[in-house]
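# Secondary and tertiary structure notes
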Amino acid sequence: MIRLVILSVIVALVWVMLTGHTSIESALIGFVLGLTIVTLLERSRELGTRRTRVTGIPALLLYLVKLLREILSSDVMVARRIITNQPTEAAGMFELPVGGKSETIAALSAHAITSAPGTFVVDFGEETMLVHLIDLELRPEIEAQQKRRYELCERMLADE
């Protein structure tokens with residue numbers, strides 16, 4: 001029972017972050033939504049239709065924290081470029097390896113990259129993504145982030 005409440009609180013916090021409404025009402029809606037989702041997952045687990053793994057939850061939380069950090073650092077970088085009127089002569093596209101053959105991880109990675117200002121995924125497949133960067137000098141950093149993101153997503157989505 002305590003586990004259900006803790007997971008529901010986590011879903012409520014994610015709900016508040018996603019909606020951008022920091023109010024008691026929004027948190028309650030997120031909590032009820034979380035309680036419903038967690039209860040349904042628990043029942044399906046009892047029926048043997050879906051196996052979940054608790055170790056994926058810490059990886060999910062770490063993924064969300066790292067995603068937020070990437071978005072905020074990109075916000076600062078783009079704002080600095082705009083304020084200082086830096087030209088973007090080195091903007092361009094490149095192919096970024098996803099890191100494996102999981103379409104789900106490719107989709108999560110594309111979302112994470114597109115969420116950060118200054119980057120945009122134009123197209124993606126199971127193995128590569130076509131990424132547009134505001135500054136191609138950031139390519140090694142984006143590639144390193146993708147490698148870490150892939151490993152985190154693998155832990156997050158792992159089944160028992």
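Presented here is a report on the structure given in the accompanying data block. Since the model is a prediction, treat every value here as computed from it, not as a measurement.

Criteria and thresholds
Residues numbered from 1 in each chain as written. Predicted model: local features only at pLDDT ≥ 70, side-chain atom pairs only at ≥ 80, totals over all residues. Heavy atoms only, no water. Salt bridge = Lys/Arg side-chain N within 4 Å of Asp/Glu carboxyl O. Helix = DSSP H or I, 4+ residues; strand = E, 2+ residues; numbered from the N terminus. Buried < 20%, exposed > 50% of the residue type's maximum accessible area, 1.4 Å probe, protein only. Pairing = 2+ DSSP bridges. Axes fitted to C-alpha atoms, helices over the stretch in contact; angles between N-to-C directions. Contact = heavy atoms within 4.5 Å. Expected span 1.5 Å × (residues − 1). Core = buried A, V, L, I, M, F, W, Y, C linked by side-chain atoms within 4.5 Å. Arc of directions from axis to C-beta. Patch = residues over 30% accessible without salt bridge, like charges linked within 9 Å, V, L, I, M, F, W, Y side chains within 5 Å. Areas by Shrake-Rupley, 256 points an atom, 1.4 Å probe, with all protein chains shown as cover.

## Focus: the pattern of salt bridges
If the charged atoms of two oppositely charged side chains come close together, the side chains can form a pair. This structure, assessed with the given rule, holds three salt bridges. Across the pair Arg-149 and Glu-70 runs a salt bridge, and its minimum N-O distance is 2.7 Å. You can see Arg-149 sitting in helix H5 (residues 139-157) and its partner Glu-70 sitting in helix H3 (residues 56-83), a full 79 residues away along the chain. The two residues Arg-149 and Glu-70 agree in class, both being buried.

## A closer look at the sheet that holds strand S2 (residues 119-124)
Each strand in a sheet pairs with another by means of backbone hydrogen bonds, the pair being arranged parallel or else antiparallel. Strand order in this open sheet of three strands is S1-S3-S2, and the pairing throughout is antiparallel. Taken across any chain shown, the strands that pair with only one partner, and hence form the sheet edges, are strand S1 (92-97) and S2. Each strand of the sheet is rotated relative to its neighbour by a mean of 30°, with strand direction disregarded. For S1 and strand S3 (residues 128-133), the ladder comprises six bridges, and the chain directions are antiparallel. By the bridge assignment, Pro-97 is partnered in S3 with Thr-128. Where helix H4 (residues 103-115) meets the sheet, its contacts fall on S1, S2 and S3, and the angle it forms with S2 comes to roughly 150°. H5 contacts S1, S2 and S3 of the sheet and is inclined by roughly 30° relative to S1.

## Concerning the pairing of S3
Burial along S3 is one-sided: Met-129, Val-131 and Leu-133 are buried, and none of Thr-128, Leu-130 and His-132, which face the opposite way, are. Counting the residues that bridge the hairpin from S2 to S3 gives three residues.

## Here we look at H5
Its 19 residues give H5 an end-to-end C-alpha distance of 26 Å, which sits within 8% of 27 Å, the value for a rise of 1.5 Å per residue. Every buried residue of H5 is listed here: Ile-142, Gln-145, Gln-146, Arg-149, Tyr-150, Leu-152, Cys-153 and Met-156.

## Some points on the pairing of S2
Of the pairings in the sheet, the one linking S2 to S3 comprises five bridges and is antiparallel in character. Pairing of Thr-119 across the sheet is with Leu-133, part of S3.

## What to know about the nonpolar core
Among the nonpolar cores identified, the biggest contains 20 residues, and Tyr-63, Phe-94, Leu-96, Ile-113, Val-121, Met-129 and Val-131 are the most heavily contacted of them. When contributions to this core are tallied by element, the ones reaching two or more residues are H3, S1, H4, S3 and H5. Look past the residues within four positions of Leu-96 in its chain and what remains in contact with it is Ile-113, Glu-127, Thr-128, Met-129, Val-131, Ile-142, Glu-143 and Gln-146.

## Focus: H4
If you check H4, its first and last C-alpha atoms are 18 Å apart, about what 13 residues at 1.5 Å a residue would give, namely 18 Å. Within H4 the residues assigned to the buried category are Ile-105, Ala-106, Ser-109, Ala-110, Ala-112 and Ile-113. The buried residues of H4 all sit within an arc of 165° when viewed along its axis, so they share a single face.

## Things to note about a nonpolar patch on the surface
On the surface, Met-1, Val-5, Val-9 and Leu-13 cluster together to form a nonpolar patch covering roughly 400 Å² of accessible area. Relative to the assigned elements, Met-1 resides in the segment before helix H1 (2-19).

None of the figures reported here should be taken as evidence of function without further support.
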